[in-house]
Amino acid sequence: AQKITQTQPGMFVQEKEAVTLDCTYDTSDPSYGLFWYKQPSSGEMIFLIYQGSYDQQNATEGRYSLNFQKARKSANLVISASQLGDSAMYFCAMRGPIIQGAQKLVFGQGTRLTINP
Amino acid sequence: DVKVTQSSRYLVKRTGEKVFLECVQDMDHENMFWYRQDPGLGLRLIYFSYDVKMKEKGDIPEGYSVSREKKERFSLILESASTNQTSMYLCASSYRAVTNEKLFFGSGTQLSVL
């Protein structure tokens, strides 16, 4: 069974600093995918970035990058030059089995990030 | 933009009531999902549907049922609400997946069962 662990319940960072949110995973499948979502106070989950297990390079999307270390089973999210609007809950998720074309996502516990001015 | 709309942002119900949570998506997605979110537990999958009238149990289906009579609409039903079903409920949808297909989420329904 897949499992995602986020060990940082909360983080406080100064504006403009870089921040790393930790995510470790466990799976026996050789093919898997890892997602990061952001949940602001409005409640809607916003997709940030995706990394496939066979991707050769770390994924990047603007200020977001994913530090993928396959041997260590970690997929940390790095946000460069943090902004006040980055304050939110962040979830790491792993793609589980695809059933009839529907992929189940298994989520971690989340990390609440607060950016201080 | 993809829009996933949940009918209520906040709901307060009594123990034993039958509760319907409605979700509508406007992007012709094949797949729809219901998750519940609890502090410290993240999101857990309740049920999902990959086609009209088709449904699959997720990781915590007990106490819930679902209905998908039309492609754009996916309903979560609490047959007899209990206090331990107080939670944030999130609906999501996606295209049919091959290797990766991101989920689009609604804003959630905060349900309180008293």
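Draft legend 1. Fine view of the overall build of chain A. Counting its secondary structure elements, chain A contains 0 helices and 12 strands. Starting at the N terminus and walking to the C terminus, you meet the elements of chain A as β-β-β-β-β-β-β-β-β-β-β-β. Compactness check: chain A gives a C-alpha radius of gyration of 14 Å against a globular reference of 13 Å for 117 residues, within 12% of the reference. Along the first, second and third principal axes, the C-alpha set of chain A runs to 45 × 30 × 25 Å. Counting only residues that meet the buried cut, chain A has 50% of its 117 residues in that class. Taken as a whole, chain A presents about 5500 Å² of accessible surface, with 49% of it coming from carbon and sulfur. Side chains of chain A carry 10 positive and 9 negative charges; the gap between the two charge centres is 5 Å.

Draft legend 2. Representation of the packing of aromatic side chains. Summed over the entire model, instances satisfying the criterion amount to 15 aromatic pairs over all chains. When the ring of tyrosine 64 of chain B is compared with that of tyrosine 89 of chain B, the centres are 6.0 Å apart and the planes differ by 65°; the resulting orientation is edge-to-face. In this pair, tyrosine 64 of chain B sits in the loop between strand 6 (54-57) and strand 7 (65-70) while tyrosine 89 of chain B sits in strand 9 (residues 87-94), placing the two residues 25 residues apart along the sequence. Each member of the pair, tyrosine 64 of chain B as well as tyrosine 89 of chain B, is classed as buried. By the ring-pair criterion, three or more aromatic residues cluster together here, those being Phe35, Tyr37, Phe47, Tyr50, Phe91 and Phe107 of chain A together with Phe33, Tyr35, Phe48 and Phe105 of chain B. Seen from the ring of tyrosine 64 of chain A, arginine 63 of chain A lies directly overhead, with NZ or CZ sitting 5.7 Å from the centre. Lying over the aromatic face of tyrosine 10 of chain B, arginine 9 of chain B brings its terminal NZ or CZ to 5.5 Å of the ring centre.

What counts as what
Residues numbered from 1 in each chain as written. Chains lettered and ligands numbered in written order. Predicted model: local features only at pLDDT ≥ 70, side-chain atom pairs only at ≥ 80, totals over all residues. Heavy atoms only, no water. Helix = DSSP H or I, 4+ residues; strand = E, 2+ residues; numbered from the N terminus. Rg over C-alpha atoms; globule rule 2.2 N^0.38 Å. Buried < 20%, exposed > 50% of the residue type's maximum accessible area, 1.4 Å probe, protein only. Areas by Shrake-Rupley, 256 points an atom, 1.4 Å probe, with all protein chains shown as cover. Lys, Arg positive; Asp, Glu negative; His and termini not counted. Charge placed at Lys NZ, Arg CZ, Asp CG, Glu CD. Phe/Tyr/Trp six-rings, centres within 6.5 Å; stacked < 30°, edge-to-face > 60°. Lys NZ or Arg CZ within 6 Å of the ring centre and 35° of its normal.

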